[in-house]
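Structural overview for review
Residues per chain are reported as follows:
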2 protein chains.
Amino acid sequence: VNPWVAAAIAGLWLVQLAAQSTPAPDGSVPAPSNVPGAQYPRVHPDNSVTFRIKADGAQKVTIGADDLVKGADGFWTATTKPYTPGFHYYSVVVDGFTTTDPGSQTFFGYARQNSAIEIPGPESDFFAPKDVPHGSVRMEWYFSKTTNRWRRAFVYTPPGYDTSRNTRYPVLYLQHGAGEDETGWSRQGHENFILDNLIAAGRVKPMVVVNENGTILPVPGAPPAPRGRGVMLENRFTEFDDVVSRDLIPFVDATFRTIADRDHRAIAGLSMGGAEAMRIGVNHLEQFSHIGLFSPAIGNLDPAVHYDGKLSSAASINRQLRLLWIGIGTEDTLHDGVKASREALDRAGIKHVWVESAGGHTWTVWRKYLADFAPLLFR
Amino acid sequence: VNPWVAAAIAGLWLVQLAAQSTPAPDGSVPAPSNVPGAQYPRVHPDNSVTFRIKADGAQKVTIGADDLVKGADGFWTATTKPYTPGFHYYSVVVDGFTTTDPGSQTFFGYARQNSAIEIPGPESDFFAPKDVPHGSVRMEWYFSKTTNRWRRAFVYTPPGYDTSRNTRYPVLYLQHGAGEDETGWSRQGHENFILDNLIAAGRVKPMVVVNENGTILPVPGAPPAPRGRGVMLENRFTEFDDVVSRDLIPFVDATFRTIADRDHRAIAGLSMGGAEAMRIGVNHLEQFSHIGLFSPAIGNLDPAVHYDGKLSSAASINRQLRLLWIGIGTEDTLHDGVKASREALDRAGIKHVWVESAGGHTWTVWRKYLADFAPLLFR
């Protein structure tokens with residue numbers, strides 16, 4: 001009998017945390033994206049970041065463009081140039097090993113669990129957890145006849161959903177980007193806090209938001225997609241189109257108190273998810289009346305040719321779509337292709353809202369787009 | 001305009017996955033705990049595991065007791081001895097840097113996001129996702145007057161909760177261990193699939209399950225807990241006791257369709273969470289009628305002295321507690337202290353169910369305990 005083992009197990013990591021809890025005299029704070037108690041990475045008042053990694057046997061440690069320097073204590077550190085406020089994925093590379101920083105929470109991105117740092121600022125206010133009523137984010141399993149598998153969706157229900165037992169809500173289907181998954185919009189995106197805050201301010205109609213996994217896995221042995229087809233990403237999503245239109249929507253409408261018609265259903269997504277939203281939305285105008293494209297992976301759209309000609313009649317599209325919203329950052333590598341596509345829509349007479357904003361291909365931009373897009377829905 | 005950028009962003013990691021998709025001739029399979037598409041770690045038919053890490057500049061790479069060996073391609077590999085089926089946390093150590101394996105999903109444990117490998121086997125059947133009705137796992141935010149903060153709880157609602165709009169359910173409060181958090185029981189524990197399967201088999205009453213974060217953070221500047229007090233962990237949980245009894249239970253009963261009385265409320269937990277369940281349960285017999293201790297961090301209990309004397313009358317405790325369930329693995333480092341405590345309860349005449357099982361201080365055991373404990377609840 002060792003009566004101390006119990007205390008040791010419970011207390012071990014608390015002691016670890018306590019040892020690190022000395023406040024910094026330089027005004028730096030642990031990043032809000034850290035695991036609880038982790039003192040590094042730290043964000044300085046000028047938004048530069050100090051990373052600190054224990055790797056006493058390493059030859060070389062880098063994070064992004066920064067080489068870390070080894071101290072006498074075996075810890076490697078670097079203080080970066082100021083970051084822009086918002087969300088930044090990062091990896092630690094130790095002697096050629098690319099992985100996570102133990103100080104950071106993990107976020108599924110680049111097809112693995114990845115570190116990221118949130119640089120707080122006034123720009124973070126709209127997705128901060130506040131003292132307002134909060135909705136729920138649910139992990140839901142449902143059966144897909146298309147894939148013959150159980151699949152997982154995340155579903156945001158707005159504040160009051162559980163207690164207002166007869167109210168019915170419109171639904172936004174909202175997709176992540178390539179290499180991410182159905183957790184992206186709640187973890188990286190804070191969709192729940194964005195919606196909670198906008199609903200509390202009376203700026204958004206209470207709605208259900210659904211995130212599925214739009215990842216398109218390669219078919220084993222299949223040749224690569226022919227060049228010229230992949231650009232629009234329009235023909236890659238046949239299976240996911242069926243999953244959403246035939247399996248997911250019926251599940252959501254059967255399970256949640258939705259208003260189950262096209263006028264109260266929207267689809268949006270970021271990057272690859274934007275290409276999916278365009279493909280699925282245009283293909284199913286009987287199901288969707290609002291489409292949102294956040295930095296969509298769409299280039300050089302030709303409305304007369306692409307999407308099986310479903311954009312060829314502007315009058316028909318304009319009558320059916322209550323909103324087509326397109327946003328792209330001026331520093332985004334996709335900017336020019338998306339802009340050219342929007343100009344083609346313009347020439348074809350297809351109405352849309354066009355937002356050219358600051359920023360690149362990042363969650364910092366996509367969170368903002370959700371906050372800009374959601375108030376326009378279901379009006 | 002570079003029309004290929006869109007396709008490149010969406011396709012980059014798919015190409016990566018496709019390149020790795022050659023099936024292994026030795027019958028090994030990617031661990032079910034891997035991120036989608038990751039081919040390593042792989043589990044062999046004899047439950048040995050091959051790890052594979054890219055670290056071309058490293059001097060030394062270890063995983064647990066295994067030294068990995070560098071190949072000409074810059075990848076380090078090791079094939080281990082056979083693992084026992086179930087869940088095993090692990091870390092990769094590269095030149096003194098302890099972190100995650102990019103091939104693994106991450107699980108919050110040891111106060112950080114950690115890698116783990118699931119060794120499948122017939123023993124995995126009871127927590128496997130099956131073709132049965134599935135409940136939901138929800139992330140819920142609620143305000144705690146005790147801590148003056150918004151807190152997060154995970155709440156499992158059973159299959160049919162959303163569609164059977166008048167049914168009310170009993171509630172199990174179920175806690176993680178030290179260094180883990182409120183995600184543990186759904187991610188490591190698969191509580192939802194365990195309950196789904198037992199409910200489908202008619203062996204468990206449909207119930208709501210609530211997981212909160214029982215982490216006790218050190219008070220800055222406070223001296224360490226005096227030796228002899230920490231053992232029972234009985235007096236460390238004052239704040240968490242208040243959070244559960246004053247804030248969480250009223251929130252759950254106001255939000256979900258529960259049967260809000262002591263006969264339909266249970267509390268259980270593993271390791272530190274077991275100590276919390278004992279403390280909070282015994283302290284609030286007006287709220288709880290069932291207590292479950294899974295490998296609890298409790299040693300050398302003296303019923304006459306501990307828990308403020310609330311165990312001193314066996315007759316009173318036996319009248320109020322419909323179930324006190326205690327389980328511990330024979331290979332658990334806490335085994336002897338828990339066994340001594342159970343013997344003390346026995347001598348004091350306090351009724352309980354005692355389960356001495358195979359296994360150590362692991363989730364493999366705790367999942368099994370949930371499956372053994374839940375059928376005894378609310379009978």
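All residue numbers here refer to positions counted from 1 along the written sequence of the relevant chain. Written order determines the labels here, with chains lettered from A and ligands numbered from 1. A pLDDT threshold of at least 70 governs which residues receive local features in this predicted model, and a stricter bar of 80 or more applies before side-chain atom pairs are shown or counted, although totals over entire chains, interfaces and linings include all residues. Only hydrogens and water are set aside when side-chain values are computed; all heavy atoms of the structure are taken into account.

**Concerning the overall build of chain A**
Keep this limit in mind: Helix numbering and strand numbering both begin at the N terminus, where a helix is a DSSP run of H or I of at least 4 residues and a strand a DSSP run of E of at least 2. Here's how the labels work: a residue is buried when its accessible area is under 20% of the maximum for its type, exposed when over 50%, partly exposed in between, all with a 1.4 Å probe on protein chains only. All accessible-area figures derive from a Shrake-Rupley calculation using a 1.4 Å probe, and residue coverage is judged against the displayed protein chains alone.
If you tally the helices and strands in chain A, you get eight helices and 20 strands. Within chain A, the fraction of its 379 residues that count as buried is 59%. For chain A, the accessible surface area stands at approximately 14700 Å², while carbon and sulfur atoms represent 55% of it.

**Let's talk about the sheet that holds strand β11 (residues 106-109) of chain B**
Residue and element names in this part refer to chain B. So the rule is basically this: One bridge is not enough; two strands pair if DSSP finds at least two bridges between them. As a rule, the C-alpha atoms of each element are fitted with a line to give its axis, helices using only the stretch in contact, and angles between N-to-C directions run from 0 to 180 degrees. Should any heavy atoms of two residues lie within 4.5 Å, those residues are counted as being in contact.
Taking strand neighbours across the sheet as the criterion, the three strands line up as β8-β12-β11 in an open arrangement whose pairing is antiparallel. Only two strands of the sheet have a single neighbouring strand rather than two, namely β8 (86-90) and β11. Neighbouring strand axes in the sheet, compared pairwise and without regard to direction, differ in orientation by 50 degrees on average. The pairing of β11 with strand β12 (residues 112-119) spans four bridges and is antiparallel. Pairing of F107 across the sheet is with N114, part of β12. Lying over the sheet, helix α8 (residues 363-373) contacts β8 and β12, oriented at roughly 145 degrees with respect to β8.

**Re the nonpolar core**
For clarity, the cut-off: Only buried residues count toward a nonpolar core, which is a set of Ala, Val, Leu, Ile, Met, Phe, Trp, Tyr and Cys residues joined through side-chain atoms within 4.5 Å.
L172 and F294 of chain A together with L172 and F294 of chain B are the most contacted members of the largest nonpolar core, which totals 68 residues. Residues contacting F294 of chain A, with those up to four places away along its chain left out, are L174, W185, A268, G269, L270, S271, W325, G327, W366, Y369, L370 and F373 of chain A.

**Concerning the side chain of D242 of chain B**
Residue and element names in this part refer to chain B. Within the element layout of this structure, D242 appears in helix α4 (residues 238-255). Since its relative accessible area comes to 17%, D242 is described here as buried. Excluding residues within four positions of it along the chain, D242 makes contact with T146 and D247.

**Observations regarding the packing of aromatic side chains**
Our working rule: Two aromatic rings, drawn from Phe, Tyr or Trp (for Trp, its six-membered ring), form a pair once their centres lie within 6.5 Å of each other, and the interplanar angle then sorts them: stacked below 30 degrees, edge-to-face above 60, tilted otherwise.
The final tally for this structure, using the stated rule, is 38 aromatic pairs over all chains. Plain terms: the ring middles of W141 of chain A and F193 of chain B are 5.3 Å apart, the flat faces sit at 65 degrees to each other, and that makes the pair edge-to-face. With one member in each of two chains, W141 of chain A in strand β13 (residues 136-144) and F193 of chain B in helix α3 (residues 191-200) form a pair that bridges those chains. Aromatic side chains F294 of chain A and F373 of chain A sit 5.5 Å apart centroid to centroid with 80 degrees between the ring planes, which places their arrangement in the edge-to-face category. Note that F294 of chain A is positioned in strand β18 (residues 290-294) and F373 of chain A in helix α8 (residues 363-373), a separation of 79 residues in sequence. Like F294 of chain A, the residue F373 of chain A is buried in the burial classification.

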